[in-house]
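Geometric and topological summary
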Amino acid sequence: MPYKPRADLPSGAFTLPARYYTDPAIFAREQAVFYRRGWIGVGRLEAMPTPGSWIAREIDGDSVIVLRANDAGDVRAFYNVCRHRGTRLCEEAEGAFSGRIVCPYHAWTYDYDGRLAGAPHMDGTLEFSRADYPLGAVRTGVWDGHVFVSLVADGPSLDSHLGDLRAKFRDWTMSDLRVAARQTYDVRANWKLIVQNYNECLHCPTLHPALNRLSHYLSGENEPLQGTYMGGRMDLNDGVQTMSLDGQTRRHPLPALGEADRRRVYYYSVFPNFLLAPHPDYVLTHILWPMSPSRTVVVCEWLVHPNERARADFDIRDATEFWDMTNRQDWHVCELAQSGISSPAYRPGPYSSREDLLYAFDRFVVESLGDV
Amino acid sequence: MPYKPRADLPSGAFTLPARYYTDPAIFAREQAVFYRRGWIGVGRLEAMPTPGSWIAREIDGDSVIVLRANDAGDVRAFYNVCRHRGTRLCEEAEGAFSGRIVCPYHAWTYDYDGRLAGAPHMDGTLEFSRADYPLGAVRTGVWDGHVFVSLVADGPSLDSHLGDLRAKFRDWTMSDLRVAARQTYDVRANWKLIVQNYNECLHCPTLHPALNRLSHYLSGENEPLQGTYMGGRMDLNDGVQTMSLDGQTRRHPLPALGEADRRRVYYYSVFPNFLLAPHPDYVLTHILWPMSPSRTVVVCEWLVHPNERARADFDIRDATEFWDMTNRQDWHVCELAQSGISSPAYRPGPYSSREDLLYAFDRFVVESLGDV
Amino acid sequence: MPYKPRADLPSGAFTLPARYYTDPAIFAREQAVFYRRGWIGVGRLEAMPTPGSWIAREIDGDSVIVLRANDAGDVRAFYNVCRHRGTRLCEEAEGAFSGRIVCPYHAWTYDYDGRLAGAPHMDGTLEFSRADYPLGAVRTGVWDGHVFVSLVADGPSLDSHLGDLRAKFRDWTMSDLRVAARQTYDVRANWKLIVQNYNECLHCPTLHPALNRLSHYLSGENEPLQGTYMGGRMDLNDGVQTMSLDGQTRRHPLPALGEADRRRVYYYSVFPNFLLAPHPDYVLTHILWPMSPSRTVVVCEWLVHPNERARADFDIRDATEFWDMTNRQDWHVCELAQSGISSPAYRPGPYSSREDLLYAFDRFVVESLGDV
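It is worth spelling out the overall build of chain A at this point. Scanning chain A from N- to C-terminus turns up 10 helices and 17 strands. Here the C-alpha atoms of chain A give a radius of gyration of 22 Å, agreeing with the 21 Å that 2.2 N^0.38 yields for 372 residues. Here chain A holds 372 residues, and the buried ones make up 48% of them. A separation of at least 24 residues holds for 66% of the contacts in chain A among residues at least 6 apart in sequence.

What follows is the structure, encoded as structure tokens:
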């Protein structure tokens, strides 16, 4: 396959200065701009199967409790901080309340809408009214079973954030899908290096020989960056059914999928932390949790159709082992990039025209952060 | 028992801003104001049983050697730093000298009063006089066997610091008591959260069901904050003899104790780091060692009368296991408070009137630290 | 042996203020002044036995690849950073290339002179020329098999840095020697405390009873500090053949050594990080790698004549075990010094006239760093 220039990058399309990957002040600003003000993927709705079940996630230093409030599946989210003396209400990453949210210290009690319902011995306190002390609320939104939260009250809606993505990936019927496997990684690299790694396959021949046998790295097309997301697609080689260890699948294609999408794998980054890779027979998600300028925890989930998961001979290991291997190759080289960029000797280098999304993402980051 | 408002707190009696629990600069100022200039409990005199035996403790970054200087039980304390090239003289937490304090590097040698007695090969050094290089001295004081040190030479005396406490707890004859058990805890919480936890029992029904069976959490009275200490007492329920797993005791009451004090447990905080809880049959102490804004090491000791300890059937486990369980419940909720208060979402919350000592302590801290 | 004042120190010859051992800003300045601008010992040429074999070392945050470029033994050094996206090229401490240096991420490829020989898919990039993106070069130099690098392009030559040392130690024929043993230590002390410890034996009677039996600590002479190095020598006691566990040797003296040098041990510090101790029958080196103000990794190697190493009964343990024991005694007391000096109570103390090199080194450090 001959080389096909993808986009004309301007002269001077270079990687970012090192400080974007190492400076704690820039990291703090990213947290404030992207993670506190954006829509943050936190997990699947099925992780909260019954009213009162919850998950807790840390965003920019705030622990947030995400809660299924009722049988209808309404989701609420609150800061994990009692309004009395600031005690953390939930310690674990997930759990279930029994009708009320009770602080373990002095038993201040909240309902599933966050209202303070009980506050022992506060009746003697001047000017105290329970109505003044609800749990701090956090906005929530759900896209086909993917739960998002936003720490700001006045930002754009999740729908506005997602733009065309709801329509684009409707045929994968992601609301119906269920988690078949999960893997968590602790990566010693900046979260943006992981986003960049996700958005080019120029490294595939060198780093991923197995993947490179399934899809040619110059196949596919990128969609220009859309303000809140970017992505593209790759074509599966002839005879390849999906991305798995042997390129074959033990599962049916997702039922509503058209012929063309059965021959493709998509890779989309919904800023800042949700990476979505729809395959013909499963959907792969990565959720990024930046811990420091040089460390990111990545949670990877494989979603499948419930009919498949219910089969006696269901087996997803061909896909999980393929992607676990590929993930580890990626994290490793991201860590090497973090190390090199952290050296005083590092200088920004030139992007190739196959790295058009990376350059667009860098511009987006630089413009979003402003002067740093 | 009906609710009994204990004190009228002013309107706006709220917990402190988060920075008092998280800011390293405020922590450093607390160390300078409370720990460097105050009287710091370091342990029991019996830990230094013979002349030359010593303990070492770290205060605001300074290691201090506390030494029994002679048979009379005089206590001296010195900075653990050789005057030649700054070498630490003692490495361990306790030990015993053999007549002299000898630096392990070049054998500079000091007597038990800290005087430089030998300095090899310094006779050729211009203007050198051994008299100019004693060990740096630290003030010491003893209260009924509890040893205190103060890093400032010109502060108030220990007697002045203790005020009425010597008289108040005379009947427990603490000089005679001996350590029956010791437990050390590493708590991921600010030292002030531990002091606050120690000074209210409003959390007892929720957090300490066992303790709550021994003493009603609304019993007892607090004494107003006294400038260098604060505290109060609880009444034992009918049929309860002491705080132990079953409320019974295997020990005689302390011999000089009056009838009323045989039915009570006291809890006193001698600022900044010495917590004293006299019981009918034993005395419980907690010594706090702040390590960082969010970490405190706590050393807990149980003191008993030597006649009890000498008995063949002596057993203190009813008290140690009870308090070890209760301590761990307290440290755990202090850690939850530290976590919640460290979140950006934390806002100061309202104190109840049962938390009067906490509000007084907060005021004392804020006024002592000044602008921060 | 009577006390023999070695040099007249001026009045006020005191140890340095604590900040020289604890302040991260001074540490950073030392790294910039001494480690980035000086000549840094990195290891033996024999560690790179064939063309393409390399070692990697970290200097002031920069990883440097040191490479044997050809059969002639020419040494090149480069920053370990790909010019494309900053990826670290080599991960391990040593290895061997196969003809080319290939980046693991996108396969940018460099030759052994650092020239960019291949850059896939960059042909579509505007104004891109491979000639503009060589690996960053680092200067190298070799002294009798000891390899040095310097991160600055315009500093003095290695020959100028070494001054008389090449001539002084010619008789040990160090080019011919081979590494017989290596030991790495992680020392919780500032690198300058290790240099100081290395340059006086006043501590030997206290700290090193075994060493003190082999050479009297007041024997020998120091050479005044020379700008880039300092050192001195000790005399072996009668009947002692070398520094080893029993003072005897299982090896012949180095072949070109004169009678006088067979009775001596030298200790030289080539600033900033190379410590050289020629013995009658082996050469001991210490290379210092400062990790933080309070931590230094030390790599110690024992070099012997290849004829000795080839002998069937070759055994170096008498020397390695002796120096391993002595090293550990030294590191331990350096750690005690670091602890004491880090205390607020530390005050500079007076040097004896046997510590003349230490005072000279302190002056050299202070003058080199300027205002701090």
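Having seen it, we continue.
This brings us to the relation of the copies chain B and chain A. Copies of the same chain, two in number, are related to each other by a rotation about an axis and a translation along it. At an RMSD of 0.0 Å, chain B and chain A line up after a rotation of 120 degrees and a shift of 0.1 Å along the axis. Within this description, the copies of the chain are treated as partners about a three-fold rotation axis. When C-alpha distances to the rotation axis are compared across chain B, the minimum falls at Pro24 of chain B, with a value of 9.8 Å.

Attention now moves to the interface of chain B and chain A. On the chain A side, the residues contacting the 24 residues of chain B number 26 residues. At the level of elements, helix H6 (204–207) and helix H9 (317–341) of chain B are the ones that each hand at least two residues to the side of chain B that touches chain A. Per-element accounting of the side of chain B that touches chain A gives the leading share, six residues, to H9 of chain B. Of the residues belonging to the side of chain B that touches chain A, the class tally is 13 nonpolar, 10 polar and one charged.

Let us look at the sheet that holds strand S6 (residues 101–102) of chain A. Residues and elements named next belong to chain A. One open sheet holds the three strands; their spatial order is S6-S7-S8, and the pairing between them is antiparallel. Because the sheet does not close on itself, it has two edges, and the strands there are S6 and strand S8 (116–118). Direction of pairing for strand S7 (residues 109–110) relative to S8: antiparallel, over a ladder of two bridges. By the bridge assignment, Tyr110 is partnered in S8 with Leu116.

Residue and element names in this part refer to chain A. Looking at the assigned domains, one finds that chain A contains domain 1 (9–36 + 164–372) and domain 2 (39–154). Of note, the centres of domain 1 and domain 2, computed from C-alpha atoms alone, are 31 Å apart. Across the contact, 13 residues belong to domain 1 and 12 residues belong to domain 2. Taken together, the elements giving at least two residues each to the side of domain 1 that touches domain 2 come down to helix H2 (24–36) and strand S11 (178–187). Of all the elements, H2 adds the most residues to the side of domain 1 that touches domain 2, at four residues. Its residues placed into classes, the side of domain 1 that touches domain 2 shows seven nonpolar, three polar and three charged.

Take the pairing of strand S2 (residues 53–59) of chain A next. All names here are of chain A. Of all seven residues making up S2, five are buried, and the element is well covered by its neighbours. As judged from the three bridges shared by S2 and strand S5 (residues 94–96), these two strands associate in the antiparallel manner. Note that in S5 the partner of Ile55 across the bridge is Glu94. Sheet analysis places S2 next to strand S3 (residues 62–68), joined by six bridges and oriented antiparallel. The residue of S3 that forms the bridge with Ala56 is Ile65. Taking the residues that link successive antiparallel strands as the turn, the S2-S3 hairpin has two residues, and the phi of Asp60 there is positive, at about 50 degrees.

Attention shifts here to the confidence of the model for chain A. Here chain A averages 95 in pLDDT, while 98% of its residues score no lower than 70. In the predicted complex, the global pTM is 0.95; the interface-specific ipTM is 0.94.

Turning our attention to the nonpolar core. What tends to happen in soluble globular proteins is that the nonpolar side chains get buried as a cluster. Grouped together as the largest cluster of nonpolar side chains are 308 residues, with contacts concentrated most on Val66 of chain A, Val66 of chain B together with Val66 of chain C. Contact partners of Val66 of chain B, with chain neighbours within four places excluded, come to Val42, Met48, Trp54, Ile55, Arg57, Val75, Ala77, Thr140, Val147 and Val149 of chain B.

For H2 of chain A, the complete set of buried residues consists of Phe27, Glu30, Phe34 and Tyr35 of chain A. Buried residues in H2 of chain A make contact with strand S1 (40–44), S2, strand S16 (283–292) and helix H10 (356–369) of chain A.

This part covers the pairing of strand S15 (residues 274–278) of chain B. All names here are of chain B. A large share of S15 lies buried, amounting to five of its five residues. Here three bridges tie strand S14 (residues 264–270) to S15, and the two strands are oriented antiparallel to one another. By the bridge assignment for S15, Ser269 is matched with Leu275. Here S14 folds back onto S15, and the loop between the two strands holds three residues. Summarising the sheet, S15 and strand S16 (residues 283–292) pair through five bridges and their orientation is antiparallel. When the sheet's bridge partners are listed, Ala277 is paired in S16 with Leu284.

With that settled, consider the interface of chain C and chain B. Contacts between chain C and chain B engage 24 residues on the former and 27 residues on the latter. When contributions to the side of chain C that touches chain B are tallied by element, the ones reaching two or more residues are helix H6 (204–207) and helix H9 (317–341) of chain C. Considering every element that reaches the side of chain C that touches chain B, the biggest residue donor is H9 of chain C, with six residues. Of the residues contributing to the side of chain C that touches chain B, the split by class is 13 nonpolar, 10 polar and one charged.

Let's shift gears to the sheet that holds strand S2 (residues 53–59) of chain B. Residue and element names in this part refer to chain B. Pairing is antiparallel in the open sheet, where seven strands are placed in the order S1-S10-S9-S4-S3-S2-S5. Each edge of the open sheet is held by one strand with a lone partner, namely strand S1 (40–44) and strand S5 (94–96). When strand polarity is set aside, the average angle formed by the axes of neighbouring strands in this sheet is 30 degrees. Pairing between S1 and strand S10 (residues 146–150): four bridges, direction antiparallel. Residue pairing in the sheet places Gly43 in a bridge with Val147 of S10.

Definitions and limits used
- Residues numbered from 1 in each chain as written.
- Chains lettered and ligands numbered in written order.
- Predicted model: local features only at pLDDT ≥ 70, side-chain atom pairs only at ≥ 80, totals over all residues.
- Helix = DSSP H or I, 4+ residues; strand = E, 2+ residues; numbered from the N terminus.
- Rg over C-alpha atoms; globule rule 2.2 N^0.38 Å.
- Buried ≥ 20, exposed ≤ 12 C-beta atoms within 10 Å, placed from the backbone.
- Contact = placed C-beta atoms within 7 Å.
- Least-squares fit on C-alpha atoms with pLDDT ≥ 70 in both.
- Nonpolar A, V, L, I, M, F, W, Y, C, P; charged D, E, K, R; others polar.
- Pairing = 2+ DSSP bridges.
- Domains from an automatic or database assignment.
- pLDDT = per-residue confidence, 0-100.
- Core = buried A, V, L, I, M, F, W, Y, C linked by C-beta atoms within 7 Å.
- Axes fitted to C-alpha atoms, helices over the stretch in contact; angles between N-to-C directions.

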